[in-house]
Each structure stands twice: as C-alpha cells, then as structure tokens.
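Structural description and commentary
Spelled out from the first residue to the last, the chains are:
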Amino acid sequence: MTDAVLEIRGLNVDYGLGEDAVHAIRDVDLTLHRGEVLGLAGESGSGKSTLAYGLTRLLPPPGVITGGEVLYHPDGGDPVDVLRMDHAALRRFRWAETAIVFQGAMNSLNPVHRISTQLTDVIKAHDPRGTSAARLARARELLHLVGISADRLESYPHQLSGGMRQRVMIGMALALEPKVVIMDEPTTALDVVVQRQILRQLVELRERLGFSVVFITHDLSLLVEFSDRIAIMYGGRIVEEAASADLYRDPLHPYSHGLLNSFPALRGPKRELTGIPGSPPDLRGMPSGCAFHPRCPHAMERCGVEVPVLGVPPDKSTTAHVAVDQRSPADRTVACWLHPVHDDGF
Ligand SMILES: Nc1ncnc2c1ncn2[C@@H]1O[C@H](COP(=O)(O)OP(=O)(O)O)[C@@H](O)[C@H]1O
Ligand SMILES: [Mg+2]
C-alpha cells in the first residue's frame, strides 16, 4: 500500500543469545498508515515495549533483532529500512522523523532544570544555528500546543502536576514536527480523566499537524475510544488486527474477546465482566501451537499443535462500513483456528 508510513515486516526480537535466548517478538507484520492512530494492546509481558524499542533500534541489551525489516516511507522519498540505517541516518530518523514517549516518561524530566531549559535544549540539539530568542518562542508555542500557559516555562518539573508533566513530554516529542509519534503507556500513572484529556488532545493535534501515532497500552478501552485501528499482541505475536469499531463490535480472537470483557462497556447494554482466566505465558516455556490455547475457552486439539497464521478470515474479507479510503479489506486479520484464513499467500 502506498499510504504506509511505517511497515514492519517479519520482525523478530530475542533477549539473550544462543541457548538462553527467549523469543520476545515473533514474525510481527504491522503497518502504520499516514495520519492514523494505531493502538497496540495486550497484557503486560506480551511484547509491546519490545516491539517499540525494536522498531526504533533502541533495544537495550540483551535484546537483539534477529530478523525482519522496518520500512520507513519518507514524504515523497524511497522507503528506507530502519534496521539497516547508519548512525547518522538513524539519529535523524529518531528525532526529526519519529518521536518516542516511553513508559514512565513523565518522570524523565530533569528535576533540576526549568521547563524552558529542557524544551530549548531539545530544539537546540537539532538546530544549533537558531537564536536563543527563536528557541524560546518555539518552546512557548509547544507549551501552548499542549494546552499549558507560557508562564509555566519558568517552572521546575515538581511544580507541575503529573498531567502537565505528561503534556510537556508530548510537547517535547512534537518539537521537531515528527511524522510518527510512538507512545508507550505514556499515561498509565495518571488518573483516567486526565488520561482521556491528554489523549483527546493528541488526537486533535494529529489532525492538525498530520502525524501518525502508535499508541501502546494495556487498557483496551482507551484504544477503542481514540484509535483508528487496533492490533492485539499475545506472547510476542500479533493475534488480531482490525479497525477499532470492528474489533469492539465483533472481536474474532478469543483473547481480544477476553480483553474487551475485562473492562466495562462504554455505551450500550452492560456486558458481564469476565476477564481472562490464567496468566500470560512465560517466554521460557511457551505453550505449543497457539500460545493462548491453555487459557482459551474454545481450544480444539489443533490449537495445541499448530501455530495459527495471521491472515484474513474468509467471512470477514470486506469491512465496507469503515470509511477510511486507504484501508484495504485485508486489514482485518486474525490468527486463530476458529477462523482459518484464506490461503492466498497474504
Ligand atoms: N531486558 C530483558 N531481558 C529479558 N527479557 C526481557 C527483557 N525485557 C523484557 N523481557 C521479556 O520480554 C517480554 C515482553 O516484555 P515487554 O516488551 O516489556 O512487554 P509489554 O511491554 O507488553 O509489557 C516479557 O516476557 C519480558 O519478561
Ligand atoms: Mg511495556
């Protein structure tokens, strides 16, 4: 598809080497389209952060990328594989093209520096030629963008609420007008109301500034509300991917179904909250076949033997009511033996 901004193909990530290696990411294929908010959900330990670190090549040791490619499509240029970029290109890509807000980011502001200094430092690092007055003006503009008044520029981080610190981090991430913003559980430490406000603002900024977002969280209810598409991860694999509305209305994978039933319905009839019995798999002893089968209420014999392929199930190959013209019907995919896929090489 031509409107892709990031295409992850066959990505594999291990922690450790040789016999001790555990496979944290397995054969992940995922596409981020221009201008969309793509949500990535899954219980803790499913590999969401590893995927985010892997695709930006920020994996801390002992993490190793063992295969795959991450194609970045710059505006009007040829795609480049992030995994094969040299250091200079990677540095540019990480800031100017992609910005990342990592887990716990709101605590990563430096406590001894004023907000103004921290914002202008980022601006300066990437454009050392500008004047300090121009940098300060830009810092003020960034704060304004995320809904903080300019008189907060002279505050220290501890003088701001958690929500404000989070907004500052988002402002910082937007400093260089990135094309892709990756947020890894950026708001988990905040209360639900503040989380919603910040997300709503991010979605609005995305429309205004035209970037794409990968939003990672274990809280599927937030994604249903704010993202265009959702990918569900389990045991290091994508097990389902669909437009948010489709996933909410009609989850195909029993795991997605379980996740949806672990939170109260936003509207409509009350669902009974069941949750998912059991706990996420241990990478050192992954179940055979479908990793979810020991917890799955619909498990069949085949599920313990063969790993289901992610693909388009035959009865779901059109999703006409989703009015996003770039979407191809193939965008609804699932890896589950309840929905054996078309064998068309997709
Ligand atoms: N530094 C590490 N060394 C070994 N295993 C790790 C390391 N970091 C993460 N893992 C393992 O990788 C799996 C995925 O972790 P992570 O990507 O943090 O999941 P999530 O972000 O979905 O909670 C987990 O089973 C975790 O134990
Ligand atoms: Mg994580």
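Treat the numbers as computed from the prediction; the structure is a model and nothing was measured.

Right, let's get into the overall build of the protein chain. Looking only at helices and strands, one finds nine helices and eleven strands in the protein chain. Residues classed as buried in the protein chain amount to 52% of the 346 residues present. Here the contacts in the protein chain between residues at least 6 apart in sequence split such that 66% fall between residues at least 24 apart. As presented, the protein chain carries roughly 16300 Å² of accessible surface, and 53% of it is formed by carbon and sulfur atoms.

Tracing the backbone through its elements, the reader meets Glu241 in strand E10 (residues 237-243). Of the residues examined, Glu241 reaches a relative accessible area of 8% and is grouped as buried.

Time to look at helix H1 (residues 48-55). For H1, the buried fraction is high: six of the eight residues fall into the buried class. Looking only at H1, the buried set comprises Lys48, Thr50, Leu51, Ala52, Gly54 and Leu55.

In space, the four strands of this open sheet follow the order E2-E1-E4-E5, with antiparallel pairing throughout. Taken across any chain shown, the strands that pair with only one partner, and hence form the sheet edges, are strand E2 (22-33) and strand E5 (80-81). Two strands pair when backbone bridges link them, and strand E1 (residues 4-15) and E2 are joined in this way by eight bridges, in the antiparallel orientation. In the sheet register, Tyr15 faces E2, and the bridge partner there is Val22. Along the sheet, H1 contacts E1, E2 and strand E4 (63-72); its crossing angle with E1, the most-contacted strand, is approximately 115 degrees.

Each strand in a sheet pairs with another by means of backbone hydrogen bonds, the pair being arranged parallel or else antiparallel. If you walk across this open sheet you meet the seven strands as E6-E7-E8-E3-E9-E10-E11, and the pairing is mixed. A single partner strand is all that each edge strand has here, and the edge strands are strand E6 (98-101) and strand E11 (333-334). By the bridge criterion, six bridges tie strand E9 (residues 229-234) to E10 in an arrangement that is antiparallel. Counted as the bridge partner of Ala231 is Glu241 from E10.

With respect to spatial proximity, the complete set of residues near ligand 1 consists of Tyr15, Ala24, Glu43, Ser44, Gly45, Ser46, Gly47, Lys48, Ser49, Thr50, Pro62 and Leu283. A distance of 2.7 Å is found between an oxygen atom of ligand 1 and a backbone nitrogen or oxygen belonging to Gly45. Between an oxygen atom of ligand 1 and a main-chain N or O atom of Gly47, the distance comes to 3.0 Å. Per-class residue counts for the shell around ligand 1 are four nonpolar, six polar and two charged.

Okay, the confidence of the model for the protein chain next. In this model, the protein chain carries an average pLDDT of 87, and 90% of its residues clear a pLDDT of 70 or more. Segment residues 319-327 is flagged for pLDDT under 50; beyond a separation of four residues in sequence, or across chains, it makes 15 contacts in the model.

A separate point is the environment of Ile8. Relative to the assigned elements, Ile8 resides in strand E1. For Ile8, a relative accessible area of 4% translates into the label buried. Between the C-alpha atom of Ile8 and that of Asp27, which follows or precedes it by 19 residues, the distance is 9.5 Å. Ignoring sequence-local partners within four residues, the contact set of Ile8 consists of Val28, Asp29, Leu30, Leu51, Leu55, Glu69 and Val70.

Going through the model one piece at a time under the given rule, you end up with 20 salt bridges. The residue Glu241 makes a salt bridge to Arg229 at a minimum N-O spacing of 2.1 Å. Of this pair, Glu241 sits in strand E10 while Arg229 sits in strand E9, and the two are twelve residues apart along the sequence. Across the pair, exposure class does not vary: Glu241 and Arg229 are buried alike. Each member of the salt-bridge network shares a partner with another, and the members are Arg34, Asp75 and Lys179.

Another point: the packing of aromatic side chains. Applying the stated rule across the entire model yields four aromatic pairs. Centre to centre, the rings of Tyr72 and Phe93 are 5.2 Å apart; their planes meet at 70 degrees, and the pair counts as edge-to-face. Note that Tyr72 is positioned in strand E4 and Phe93 in helix H2 (residues 87-97), a separation of 21 residues in sequence. Phe93 gets classed as buried once you look at its relative accessible area, which sits at 1%. Look at Tyr234 and Phe292: their rings are 5.1 Å apart centre to centre, the planes differ by 80 degrees, and that puts the pair in the edge-to-face class. Of this pair, Tyr234 sits in strand E9 while Phe292 sits in the loop between helix H9 (254-260) and E11, and the two are 58 residues apart along the sequence.

Cut-off values and rules
- Residues numbered from 1 in each chain as written.
- Chains lettered and ligands numbered in written order.
- Predicted model: local features only at pLDDT ≥ 70, side-chain atom pairs only at ≥ 80, totals over all residues.
- Heavy atoms only, no water.
- Helix = DSSP H or I, 4+ residues; strand = E, 2+ residues; numbered from the N terminus.
- Buried < 20%, exposed > 50% of the residue type's maximum accessible area, 1.4 Å probe, protein only.
- Contact = heavy atoms within 4.5 Å.
- Areas by Shrake-Rupley, 256 points an atom, 1.4 Å probe, with all protein chains shown as cover.
- Pairing = 2+ DSSP bridges.
- Axes fitted to C-alpha atoms, helices over the stretch in contact; angles between N-to-C directions.
- Near = heavy atom within 4 Å.
- Polar contact = N/O pair within 3.5 Å; in protein donor to acceptor, adjacent residues only side chain to side chain.
- Nonpolar A, V, L, I, M, F, W, Y, C, P; charged D, E, K, R; others polar.
- pLDDT = per-residue confidence, 0-100.
- Salt bridge = Lys/Arg side-chain N within 4 Å of Asp/Glu carboxyl O.
- Phe/Tyr/Trp six-rings, centres within 6.5 Å; stacked < 30°, edge-to-face > 60°.

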